[in-house]
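# Structural overview
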Amino acid sequence: MKLRISILFTVTICILLGMGLCITGCAEEKDSNSAVGTVVEEGVYHRLYVADQLYYCEFLDHSGNVVRTEGPINKQPEILALEDGLIRFTMQAGTGQATQWGYYYNAENEAFSEVFQCIWDQHEGLVAISQSNSVIVRDIFDPQEFYQEFTAFDQPFSPAAQVFTAVRFTDDGASIEITYLSGTDYREVTETFPIETTP
């Protein structure tokens, strides 16, 4: 009888200890996942992760410290790591370029740009964005440093909600190529304009 009680006591203790270890281990793992989430993408100056089906983007300084967190977001953003510690963050709110918005982060001085709509391209500190009937090239962080607007085009625009189909800097950054829809047949026309970076 004493032997049977001793065996039952030992088995009960083992079961309770096992449950305790499992509960402790599961709680630590859950806490770890909920605090950080699953890392989707990581660079020198940013970390994109998902937690509870929502996305978060952390912007980092040179020491890896979090400067700012964007989120929660229900769609995965697009993160581009550019030259000299420049990060481009963009989101698509719907379909078409007109529903895109985003901003830039400069890790060198931990600065954030204003929020832009219709970001097409960037080159050496300049960004190309479009509005309904114009394309703007300006300094990413300070329009007082540089601002140029393109409104005069050779061909009439098509009656489209978004007339611009492509805007890009040339490889040397001296010009901007703008492609737009023209006429009732919606044909694409490309024009190249010089960027007047000198006063």
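Only a predicted model underlies this, so the values are computations on that prediction, with no experimental measurement involved.

For the protein chain, the mean per-residue pLDDT works out to 84, and 81% of the residues sit at or above 70. Confidence drops under pLDDT 50 across residues 1-35; counting only partners more than four residues distant or on other chains, this segment forms one contact.

Quick look at the pairing of strand β14 (residues 164-169) now. If a strand is regular, its side chains alternate between the two faces of the sheet. Inspection of the sheet shows β14 paired to strand β15 (residues 175-182) by five bridges, in the antiparallel sense. Bridged to Ala166 within β15 is Thr179. Where β14 folds back on β15, the antiparallel hairpin that results is connected by five residues, among which Gly173 adopts a positive phi of roughly 75°.

Here the focus is the sheet that holds strand β11 (residues 126-130). Pairing is antiparallel across the open sheet formed by four strands, whose spatial order is β10-β11-β12-β13. Either end of the sheet is taken by a strand with one partner, and the two such strands are β10 (119-123) and β13 (147-150). The sheet shows a mean angle of 15° between the axes of neighbouring strands, taken without regard to direction. Pairing analysis gives four bridges linking strand β12 (residues 135-139) to β13, with the strands arranged antiparallel. If you follow Val135 over to β13, its bridge partner there is Phe150.

The antiparallel open sheet is built from three strands, whose spatial order is β14-β15-β16. Here the strands that pair on one side only, and so sit at the sheet edges, are β14 and β16 (187-194). Within this sheet the neighbouring strands show an average axis-to-axis angle of 15°, counted without direction. In this sheet, β16 lies alongside β15 in antiparallel orientation, the contact comprising eight bridges. Among the inter-strand pairings, Ile176 is bridged to a residue of β16, identified as Phe193.

About the thresholds
- Residues numbered from 1 in each chain as written.
- Predicted model: local features only at pLDDT ≥ 70, side-chain atom pairs only at ≥ 80, totals over all residues.
- Heavy atoms only, no water.
- pLDDT = per-residue confidence, 0-100.
- Contact = heavy atoms within 4.5 Å.
- Pairing = 2+ DSSP bridges.
- Helix = DSSP H or I, 4+ residues; strand = E, 2+ residues; numbered from the N terminus.
- Axes fitted to C-alpha atoms, helices over the stretch in contact; angles between N-to-C directions.

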